[in-house]
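What follows is the residue order along each chain.
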Amino acid sequence: MRGNIAQLMQQAQKMQENVQRAQEELANIETTGNSGGGMVNVTMTGRMECRKVRIDPSVLADPEMAEDLIAAAINDAVNKINVASQEKMGAATAGMQLPPGMKMPF
């Protein structure tokens, strides 16, 4: 029984190291969200920090449309980061499912 506990502790330690490595990798990724067929582009890091916004000048003629396209581009970037996060964390936890409601600290 003692060997099982030691083995579980080693697995938990390794999983923790993998999760930390995955979080560091995620912090360094950048992704670009698009909307309006590329009229608005928003580049964000894995930490959800906005790095760059590019807006086609023709969009600025209609402020309401510009607002909608900017929001859509931000949402697209956030969704892409969430997908990358789920993939990396899934690999880091070796496919172990977290209990419902428990989220990674990211």
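Preceding this section is the structure that the text describes.
Residues numbered from 1 in each chain as written. Predicted model: local features only at pLDDT ≥ 70, side-chain atom pairs only at ≥ 80, totals over all residues. Heavy atoms only, no water.

## Some remarks on the side chain of Thr 45
No. 1: Within the secondary structure, Thr 45 sits in strand 2 (residues 40-45).
No. 2: Owing to a relative accessible area of 2%, Thr 45 belongs among the buried residues under this scheme.
No. 3: Sequence-distant contacts of Thr 45, that is, excluding residues within four places in its chain, are made with Ala 27, Ile 29, Glu 30, Arg 51 and Ile 81. (Helix = DSSP H or I, 4+ residues; strand = E, 2+ residues; numbered from the N terminus. Buried < 20%, exposed > 50% of the residue type's maximum accessible area, 1.4 Å probe, protein only. Contact = heavy atoms within 4.5 Å.)

## A closer look at the nonpolar core
No. 1: In terms of nonpolar packing, the biggest core is built from 9 residues, these being Val 40, Val 42, Met 44, Val 59, Ala 66, Leu 69, Ala 73, Ala 77 and Ile 81.
No. 2: Sorting the residues of this core by element identifies strand 2 and helix 2 (63-92) as the ones contributing at least two each.
No. 3: A per-element tally of this core places helix 2 first, with 5 residues.
No. 4: Contact partners of Leu 69, with chain neighbours within four places excluded, come to Ser 35, Gly 36, Val 40 and Val 59.
No. 5: Within the second largest apolar cluster, 5 residues are counted, among which are Val 19, Leu 26, Ala 84 and Met 89. (Core = buried A, V, L, I, M, F, W, Y, C linked by side-chain atoms within 4.5 Å.)

## A word on unusual backbone geometry
No. 1: The backbone phi angle of Met 48 is positive, close to 65°, even though this residue is not glycine.
No. 2: Structurally, Met 48 can be placed in the loop between strand 2 and strand 3 (50-55).

## Quick look at the pairing of strand 3
No. 1: As paired elements, strand 2 and strand 3 share 5 bridges and run antiparallel to each other. The residue of strand 3 that forms the bridge with Asn 41 is Arg 54.
No. 2: Linkage of strand 2 to strand 3, two consecutive antiparallel strands, is achieved through a turn of 4 residues, within which Met 48 is found at a positive phi near 65°. (Pairing = 2+ DSSP bridges.)

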